[in-house]
Protein chains: 6
Amino acid sequence: MPIPLIEYQDASPEVRAVYDDIMATRQTGRVNNFWKALANDPPTLERTWRAVKEIMAPGELSPLIKEMIYLAVSVTNQCAYCIASHTAAARKAGMSDAMFAELMAVIGLANQNNRLAAGYRVEIDKEFQ
Amino acid sequence: MPIPLIEYQDASPEVRAVYDDIMATRQTGRVNNFWKALANDPPTLERTWRAVKEIMAPGELSPLIKEMIYLAVSVTNQCAYCIASHTAAARKAGMSDAMFAELMAVIGLANQNNRLAAGYRVEIDKEFQ
Amino acid sequence: MPIPLIEYQDASPEVRAVYDDIMATRQTGRVNNFWKALANDPPTLERTWRAVKEIMAPGELSPLIKEMIYLAVSVTNQCAYCIASHTAAARKAGMSDAMFAELMAVIGLANQNNRLAAGYRVEIDKEFQ
Amino acid sequence: MPIPLIEYQDASPEVRAVYDDIMATRQTGRVNNFWKALANDPPTLERTWRAVKEIMAPGELSPLIKEMIYLAVSVTNQCAYCIASHTAAARKAGMSDAMFAELMAVIGLANQNNRLAAGYRVEIDKEFQ
Amino acid sequence: MPIPLIEYQDASPEVRAVYDDIMATRQTGRVNNFWKALANDPPTLERTWRAVKEIMAPGELSPLIKEMIYLAVSVTNQCAYCIASHTAAARKAGMSDAMFAELMAVIGLANQNNRLAAGYRVEIDKEFQ
Amino acid sequence: MPIPLIEYQDASPEVRAVYDDIMATRQTGRVNNFWKALANDPPTLERTWRAVKEIMAPGELSPLIKEMIYLAVSVTNQCAYCIASHTAAARKAGMSDAMFAELMAVIGLANQNNRLAAGYRVEIDKEFQ
């Protein structure tokens, strides 16, 4: 009953074009299940891939930093799929064991302090308004 | 009725010691409202500051990267206080306008894709398990 | 160690009465695991079923629209059980593949823009206050 | 210290083009603060508007249904800005008081049941897998 | 544009009956804004009050413990209204400053460890399955 | 690819010291997977255990109440690992079936009402500000 995954050989030309661009951009021979699921709706596949390609490209922030930010969001939201796939992506982009440990520590700390700030009903400092 | 903020002049010696360490570590003459609120419970103040000092210190990840990760969590959780204070902290640590824009784009994208992955019920790729 | 599921043949008369009403209302011969788990606490089972029956009934909004709204919440919260069961319920109420795709796109977009609004600290327009 | 809002008269030609398209598409003479904030980063403004225009357009689901789904996500995430602006948008698209009341009831119910399902650790029914 | 608050003198008999029951049950002469807002939809007002009256009543857990649990959820969800009103309710039910401090510490800790468990992708111990 | 679990026999002396303290404090012969995963980064293991030991100790609130608050947060956040492990911990601390049922009911109710308060855009009562 879950959405079927669309494999390359079963894909329409427009879906194959996205798959080809994903594999070329990422220099890999495989396409993740995320894309194969989105391929059930080609406009969603195209829009999402275009956004990922544009946003995750090297810019003022490196791909590694972007992957760690992406992972921080995914861990905060408890998205198991995204945690698995973006941990792999961050590793591939150069995240060491020590970086991973620091990343997790910051994520945990921020999630804690977000609630302390809310529960103690801290007013925003004049300097930060 | 909100928690009162404990100002330096009204603080106990143990609270003052934390305030002094905050100001020395951050090379600033002021203490944020967050700490003045936590000071209502000195053990929470001490434990939280110790964790912040340890976790946010330069390590494999720079303070700037850590502040951006912290901000990614705070934006995901809609914590207004934390967004205000850590945007300021990230700016102080060197976040440019362009970095801010890329950070926000990644946060938005990850929050979107976390839900696409959940809603499409994507199974974790064998390679990521 | 998880909560046991209470099957019809093992249920008390008050629990059976709820099961009977669920099956009659939904015109089905089975009761979902959700109800069989709640049946461990009959007052919770009764209160929850009464609320579902009342709220999810046809009104100004059709059952299909209500199921899609329910699914939007469940996807946002990453509730795997609720996503699975309410995708099935929405399908049964008439959700087509195209509707599903549009629903997911809106959910993703809103989750993204919620964070852009928070991160950019956008003030509420005078017109919307 | 928050992001400044970019008004039409101060906007670059590329930002004005987006503002013009927003006003034409929505048949209105004003642009919401959300867009004026995003205009600080023209690529984010363009990408986000393109996604909104594409996803929120009439399709298998009507603009009214899409606005209600958007609101369901925003309420679940406690995004004050988005709740204010999309309540207005849903009203404009035809949401009556009765529809609003039913929408809120479904949102509340789903948020409740998401946690009952998680806390009771309900296994997904074979039929829904 | 927000929902108007329905004051007692302007309320229908069915709404007044709920207000009367709220004031009698809580032994107070006022009704919170939450109820005055829900009164715009009497069925929601009645259903919600019935659930609150039933669930928050003394049982195996005392009203004080229930208020602290309610607050833990509200802080986790960053619901400003609920944090304000249920901090007051918990205080009225007997929450001391020391209890408040411990409550906040546990909330912060759990929010942190929820993310460490997710980010480290910890498998559930055989003993807990 | 997930983080390996560090077993006692493979652990460094500093990690063993934490494991020993966990087992002594909890009067048990085993260490949960959570700690075996965190042991991949000894500073995180030590900091997290110190916080848990300090915060979850008997104080103004009993260990049972603290475990139920912890569970309320974990259920709200949909953290499967934490729900499993802290349901077991709360049971061990004395949570009866009836307490569990009341706890879940309060969690569900608060999650629902948090959204009704947000969606109805209820202003904070003067008395609670």
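Residues numbered from 1 in each chain as written. Chains lettered and ligands numbered in written order. Predicted model: local features only at pLDDT ≥ 70, side-chain atom pairs only at ≥ 80, totals over all residues.

## Description of the overall build of chain A
On a plain count of helices and strands, chain A comes out with six helices and zero strands. Against the compact-globule benchmark of 14 Å for 129 residues, chain A has a radius of gyration of 18 Å, which places it well outside the compact range. With the C-alpha coordinates aligned to their principal axes, the bounding extent of chain A is approximately 55 × 30 × 30 Å. Going through the 129 residues of chain A one by one, you find that 57% of them count as buried. (Helix = DSSP H or I, 4+ residues; strand = E, 2+ residues; numbered from the N terminus. Rg over C-alpha atoms; globule rule 2.2 N^0.38 Å. Buried ≥ 20, exposed ≤ 12 C-beta atoms within 10 Å, placed from the backbone.)

## Some points on helix α5 (residues 80–92) of chain D
Between the first and last C-alpha of α5 of chain D there are 19 Å, a value that for 13 residues agrees with the 18 Å anticipated at 1.5 Å per step. For α5 of chain D, the set of buried residues is Tyr-81, Cys-82, Ile-83, Ala-84, Ser-85, His-86, Thr-87, Ala-89 and Ala-90 of chain D. Looking at the buried side of α5 of chain D, the elements it contacts are α6 (97–119) of chain C, α2 (33–38) and α4 (63–76) of chain D together with α6 (97–119) of chain F. Looking one or two residues past α5 of chain D, Gly-94 of chain D carries a phi angle of roughly 115 degrees, positive in sign. (Expected span 1.5 Å × (residues − 1). Contact = placed C-beta atoms within 7 Å.)

## Description of the relation of the copies chain D and chain C
Under the fitted operation, chain D is carried onto chain C by 0.0 Å of movement along the axis and a turn of 180 degrees, and the coordinates agree to an RMSD of 0.0 Å. With respect to symmetry, the two chain copies, as superposed, fit the operation of a two-fold axis. Mapped onto chain C, 100% of the interface residues of chain D are again interface residues, and the two copies thus contact each other with one and the same surface. (Least-squares fit on C-alpha atoms with pLDDT ≥ 70 in both.)

## Concerning the interface of chain D and chain C
On the chain C side, the residues contacting the 55 residues of chain D number 55 residues. Contributions of two or more residues to the side of chain D that touches chain C are made by α2, α3 (42–55), α4, α5 and α6 (97–119) of chain D. Of the residues forming the side of chain D that touches chain C, the biggest block, 15 residues, is contributed by α6 of chain D. Taken together, the residues of the side of chain D that touches chain C break down into 36 nonpolar, 13 polar and six charged. (Nonpolar A, V, L, I, M, F, W, Y, C, P; charged D, E, K, R; others polar.)

## With respect to helix α6 (residues 97–119) of chain E
End to end, α6 of chain E covers 33 Å across 23 residues, agreeing with the expected 33 Å (1.5 Å per residue, within 8%). Backbone geometry just after α6 of chain E places Arg-121 of chain E at a positive phi near 50 degrees.

## As for the interface of chain A and chain B
Across the contact, 55 residues belong to chain A and 55 residues belong to chain B. Within the residue set of the side of chain A that touches chain B, elements represented by two or more residues are α2 (33–38), α3 (42–55), α4 (63–76), α5 (80–92) and α6 (97–119) of chain A. The greatest single-element share of the side of chain A that touches chain B, amounting to 15 residues, is contributed by α6 of chain A.

## Some thoughts on the nonpolar core
Generally speaking, a soluble globular protein has its nonpolar side chains buried in company with each other. Grouped together as the largest cluster of nonpolar side chains are 290 residues, with contacts concentrated most on Ile-69 of chain A, Ile-69 of chain B, Ile-69 of chain C, Ile-69 of chain D, Ile-69 of chain E together with Ile-69 of chain F. In this structure Ile-69 of chain F touches Met-68, Ile-69, Ala-72, Leu-103, Val-106 and Ile-107 of chain E, once residues within four positions along its chain are discounted. (Core = buried A, V, L, I, M, F, W, Y, C linked by C-beta atoms within 7 Å.)

## Some details on the relation of the copies chain A and chain B
You can overlay chain A on chain B at an RMSD of 0.0 Å; the transform is a turn of 180 degrees with a shift of 0.0 Å along its axis. In this assembly the copies share their binding face: 100% of the residues contributing to the interface of chain A also contribute to that of chain B.

## Details of the packing of helix α4 (residues 63–76) of chain B against helix α5 (residues 80–92) of chain B
Residue and element names in this part refer to chain B. At a minimum axis distance of 9 Å, the contact between α4 and α5 shows a crossing angle of 160 degrees. With respect to their mutual orientation, α4 and α5 come out roughly antiparallel. Along this stretch, α4 crosses α5, giving a crossing that reads as left-handed. From α4, Leu-64, Glu-67, Met-68, Tyr-70, Leu-71, Ser-74 and Val-75 reach across to α5, where they touch Cys-82, Ile-83, His-86, Thr-87, Ala-89 and Ala-90. Its residues assigned to classes, the contact of α4 with α5 comprises nine nonpolar, three polar and one charged. (Axes fitted to C-alpha atoms, helices over the stretch in contact; angles between N-to-C directions. Parallel < 35°, antiparallel > 145°, perpendicular 65-115°, else oblique. Left-handed = near helix turned anticlockwise from the far one by under 90°.)

## As for the domain arrangement of chain A
With domains assigned, chain A is organised as domain 1 (1–55) and domain 2 (60–129). Using C-alpha coordinates to define each centre, domain 1 of chain A is positioned 26 Å away from domain 2 of chain A. (Domains from an automatic or database assignment.)

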